[in-house]
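What follows is the residue order along each chain.
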Amino acid sequence: VIAMTDTVPSPAGPPRTEAAAGAPPAEVRRKLGGVTAAEVYTLVAAFGGSLALDWLLYERVFEFSGAQGFLGCWYLLFLTFSAALGLLQWNPLVVRERLVTLVSWTAGLLLVLLIVEQLVFVALRGLPAVVHGNFLTQTMARTSAVSPISSGGVLHAVVGTLEQIGLATLFAVPLGIAAAVFMSEIGGRAARPVRTVVEAMTALPSIVAGLFVLGVVILGLGLEACGFAASLALTVMMMPIVTRAAEVVLRLVPGTLREASYALGGSQWRTVWNVVLPTARPGLATAVILGMARGIGETSPVLLTAGFTAGMNADPLAGRQVSLPLYIWNYVRQPYPDMMARGFGAALTLMVLVLLLFVSARLVGGRRPGELSRRQRRRTARQAAAR
Amino acid sequence: MTTAPPSPPDTSPPDTPPAEQDLPRRLTAPATRGDRVFRAGLHVAGYSVFAVMGLIAFFLFLRGGDALRVTGWSFLTQQRWSPSAHVFGIAAVLPDGILIAVIALLFAVPVSLTAALFIAEYAPVRLRRALVSVVDLMAAVPSIIYGIWGGYFLQPRILGLIRWMNLHLGGVLPFLKVRTGDIGTSYTSSTFIAGLVVSLMIIPIVTSLSREVFAQAPQGEREGAYALGSTRWGMVRSVVLPFGRGGVIGAVMLGFGRAMGETIAVALIISPTFKITTHVLEAGANSISALIALRFSESDSLSLSGLMAAGLVLFAITLVVNLLAGILVSRSRSGAATAE
């Protein structure tokens, strides 16, 4: 009991004996965060020990096969080892905390690994076709299944993709942003069901959007399969994405700005047009670009509505028009190696387009609404100085 | 569009009341004509989402009507799909699609929830932004890329594991048995592989939604947990997870809806069959969306109508799932948090 009171000093109790006896020891700053050597050694030991045991069990005792099984068992053994080693040194609460940290780090690393793996895979399989100069400048009009890789390309699919996504953006963006403005500026009771339906619409199966346009435009109105029909299907997919992203941004616009505009006598329409939308411009641009990035890779709506052609068709209103996802879908399933290579080349092209859109969305949308970019700040300063 | 008058019109003319009775002014700002047009336009845009959803349901029903008239209720009980013989139904493709989605959830939910916890709670602050970008990028990768990755990269590499599961676990768990013999082709194009690929596609949506929900756990109660001497995991278990429960369930349901509707990746991987899958590792699988993608080019109008009817069923299921999930998520965002 005496030992207990010695180690747990209470503010009311007597000063501890060792502190009272000698000179007061120099105060050393406690480290609160960081990693101790014991933790590192524990992890290293668990890592090595589990690898060795895994090899022994997997390869020698049970004679299983397959890399995934090996890695999975290694991971489980690693967790067990680090738990056991931890229990030798620390109390169970600390060990549990360390284990959870370990597992959560694994999940984060897994996500990074997955995306890197996909990017590398698409790049490696796509490069053999893309490095040929003809790939980006020719169509498939004069290329048959057995033609060498040095003929044929994706030019027509790139044109089709850009036209379809352009038209879809033209339709989806005004509608989507108007719906977002409705939810954030008018809001109230009416906006809640709209928000719920928009949420549900973002998860609308893309094939259903394709079926819808196929049923209405192609079977109903009697249009042939064309780029315009495809862009309508893409509009159905993109509009809710734009709406949801734009609404989030619009809600971040400070209310004081709106009030200032009203106080100056602006009508609601003027306030939205001259204050709210310009303030949220970077975020809205991000919303639009993210919607485009999602729309550009949609395959199933295009599959049902655009038709397939091997030649160039720059007119979205008449005739079948192929786009990159459809090009991939058609060629990657063919049994000819060169056709497959073209499919993978198109996949690389598509991935590059998506990445470009994604990165530009990040660059444009890095700021909060109302925050000025460096160029805008300089311009404001210049104008102020000129005045 | 007319410009607004520079000053708000004064509605209540001062009628010079006697000094002792100050009548409160009526403060109304009548909308200008521009405003009325503007508000009407916004209402149209806002309600257009109802119109679109309604039109989708209406036209799918209209186009699918022919097929439903031919089959009647047997559309829901027939497993075969041969419209030329007037015998077709979704009794096989619907459960198979649900099975793919369930397998996808089995993999995606643990990974996404842990990843969401990592991003929201455990990751160093500098890493958080990068990880959020990674998740967003995963969501932006087109499904056809997931499909070719799954079909040409993942599938050949995972056959060993599947064979192992068949040989060593198949005896204990009969649904892991492969009855078609121990050769390569009996392990490919299975429900399991399709589910695995679809799981990668729903990981980003489940992760980002749960991360948002986790991040909204109230700061005061977190600090309370720490003040009571809890470890970080103790705090997560007693504050973050209970607060996020509704939102996480909603996120998982949204993931399920996505997985049900996923088309291209599934269609690229599976080899279609038309009987209910009982052994998930065996070659052969199907789902409504893959059925539509693979069969729509058949020129026969009755089979197209059948596909429309199948699409209607898919639409109805995903709509119900997504609406429920949306309500759960939005409720956990607004209502569940205690006042600070």
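All of the points below concern the structure found in this document. (Residues numbered from 1 in each chain as written. Chains lettered and ligands numbered in written order. Predicted model: local features only at pLDDT ≥ 70, side-chain atom pairs only at ≥ 80, totals over all residues. Heavy atoms only, no water.)

**Examining the environment of Gln-138 of chain A**
Residues and elements named next belong to chain A.
Then step 1. In this fold, Gln-138 is placed in the loop between α5 (92–130) and α6 (155–186).
Then step 2. A relative accessible area of 32% means that Gln-138 is categorised as partly exposed.
Then step 3. Dropping the residues within four chain positions of it, Gln-138 is found in contact with Ser-151, Gly-152, Gly-153, Val-154, Leu-155 and His-156. (Helix = DSSP H or I, 4+ residues; strand = E, 2+ residues; numbered from the N terminus. Buried < 20%, exposed > 50% of the residue type's maximum accessible area, 1.4 Å probe, protein only. Contact = heavy atoms within 4.5 Å.)

**Topic: a nonpolar patch on the surface**
Then step 1. On the surface, Val-35, Val-40, Tyr-41 and Val-44 of chain A cluster together into a nonpolar patch covering about 410 Å² of accessible area.
Then step 2. Its location among the elements puts Val-44 of chain A in helix α3 (residues 37–61). (Patch = residues over 30% accessible without salt bridge, like charges linked within 9 Å, V, L, I, M, F, W, Y side chains within 5 Å. Areas by Shrake-Rupley, 256 points an atom, 1.4 Å probe, with all protein chains shown as cover. Salt bridge = Lys/Arg side-chain N within 4 Å of Asp/Glu carboxyl O.)

**Observations concerning the packing of helix α12 (residues 281–296) of chain A against helix α15 (residues 337–364) of chain A**
Residues and elements named next belong to chain A.
Then step 1. Look at α12 against α15: their axes get within 8 Å of each other, and the N-to-C directions meet at 165 degrees. Here α12 lies roughly antiparallel to α15, going by the angle between them. You can see that α12 and α15 cross each other, and the crossing is left-handed. Contact with α12, carried on its side by Pro-282, Ala-285, Thr-286, Ile-289, Leu-290, Met-292, Ala-293 and Ile-296, involves Leu-350, Leu-353, Val-354, Leu-357, Phe-358, Ser-360, Ala-361 and Val-364 of α15 and no other residues of that element.
Then step 2. For the contact of α12 with α15, the class distribution of residues is 14 nonpolar, 2 polar and no charged. (Axes fitted to C-alpha atoms, helices over the stretch in contact; angles between N-to-C directions. Parallel < 35°, antiparallel > 145°, perpendicular 65-115°, else oblique. Left-handed = near helix turned anticlockwise from the far one by under 90°. Nonpolar A, V, L, I, M, F, W, Y, C, P; charged D, E, K, R; others polar.)

**Description of the interface of chain A and chain B**
Then step 1. The partner chain B presents 91 residues to the 83 residues of chain A that form the contact.
Then step 2. A combined buried area of about 7,900 Å² lies between chain A and chain B, and 77% of that area is made up of carbon and sulfur atoms.
Then step 3. Linking chain A with chain B are 2 salt bridges.
Then step 4. One salt bridge in this structure joins Arg-362 of chain A and Asp-136 of chain B, with 2.6 Å as the shortest N-O distance.
Then step 5. Residues of the side of chain A that touches chain B, tallied by class, amount to 56 nonpolar, 18 polar and 9 charged. (Buried area = accessible area lost by both parts, 1.4 Å probe.)

**Looking at the nonpolar core**
Then step 1. With 205 residues, the main nonpolar core has Ile-177 and Tyr-327 of chain A together with Ile-56 of chain B as its most contacted residues.
Then step 2. Here this core takes 16 residues from helix α3 (residues 93–122) of chain B, the largest share from any one element.
Then step 3. Setting aside chain neighbours within four positions, we find Ile-177 of chain A in contact with Val-242, Ala-246, Leu-277, Leu-284 and Val-288 of chain A. (Core = buried A, V, L, I, M, F, W, Y, C linked by side-chain atoms within 4.5 Å.)

**A closer look at the side chain of Asn-322 of chain B**
Then step 1. Mapped onto the fold, Asn-322 of chain B is located in helix α11 (residues 301–334).
Then step 2. Residues within four places of Asn-322 of chain B in sequence aside, it is in contact with Ala-200 and Ala-203 of chain A together with Leu-254 and Gly-257 of chain B.

**Structural notes on the pattern of salt bridges**
Then step 1. Using the criterion set out here, one finds 9 salt bridges over all chains in the structure.
Then step 2. With a closest N to O distance of 3.9 Å, Arg-232 of chain B and Glu-97 of chain A form a salt bridge. Of this pair, Arg-232 of chain B sits in helix α8 (residues 232–261) while Glu-97 of chain A is found in helix α5, placing the two residues in two different chains.
Then step 3. Owing to a relative accessible area of 31%, Arg-232 of chain B belongs among the partly exposed residues under this scheme.
Then step 4. Given a relative accessible area of 14%, Glu-97 of chain A falls into the buried group.
Then step 5. Notably, a salt bridge pairs Arg-195 of chain A with Glu-247 of chain A, separated by 2.8 Å at the nearest N-O pair. Here Arg-195 of chain A is found in helix α7 (residues 188–202), whereas its partner Glu-247 of chain A is found in helix α9 (residues 227–251), with 52 residues between them in sequence.

**Examining a positive patch on the surface**
All names here are of chain A.
Then step 1. A grouping of Arg-281, Arg-374, Arg-375, Arg-377, Arg-378, Arg-379 and Arg-382 is seen on the molecular surface, where their side chains present a positively charged patch.
Then step 2. With 6 residues, helix α16 (residues 374–386) is the single largest residue contributor to the positive patch.
Then step 3. Here Arg-378 shows up in helix α16.
Then step 4. Judged by relative accessible area, which is 51%, Arg-378 ranks as exposed. (Lys, Arg positive; Asp, Glu negative; His and termini not counted. Charge placed at Lys NZ, Arg CZ, Asp CG, Glu CD.)

**Overview of the environment of Leu-307 of chain B**
Then step 1. Along the chain, Leu-307 of chain B falls in helix α11.
Then step 2. Taking C-alpha positions, Leu-307 of chain B is 38 Å from Thr-114 of chain B, a pair spaced 193 residues apart along the chain.
Then step 3. Sequence-distant contacts of Leu-307 of chain B, defined by excluding residues within four places in its chain, comprise Leu-211 of chain A together with Trp-81, Leu-291, Ile-292, Arg-295 and Phe-296 of chain B.

**Topic: the packing of helix α7 (residues 219–227) of chain B against α8 of chain B**
Residues and elements named next belong to chain B.
Then step 1. Running from N to C, α7 and α8 point in directions that differ by 150 degrees, and their axes come no closer than 9 Å. Viewed along their axes, α7 and α8 adopt a mutual orientation that is roughly antiparallel. Taken as a pair, α7 and α8 cross one another with a handedness that is right-handed. For the pair α7 and α8, contact is made by Glu-221, Arg-222, Ala-225 and Tyr-226 and by Arg-232, Met-235, Ser-238, Val-239, Val-240 and Phe-243, respectively.

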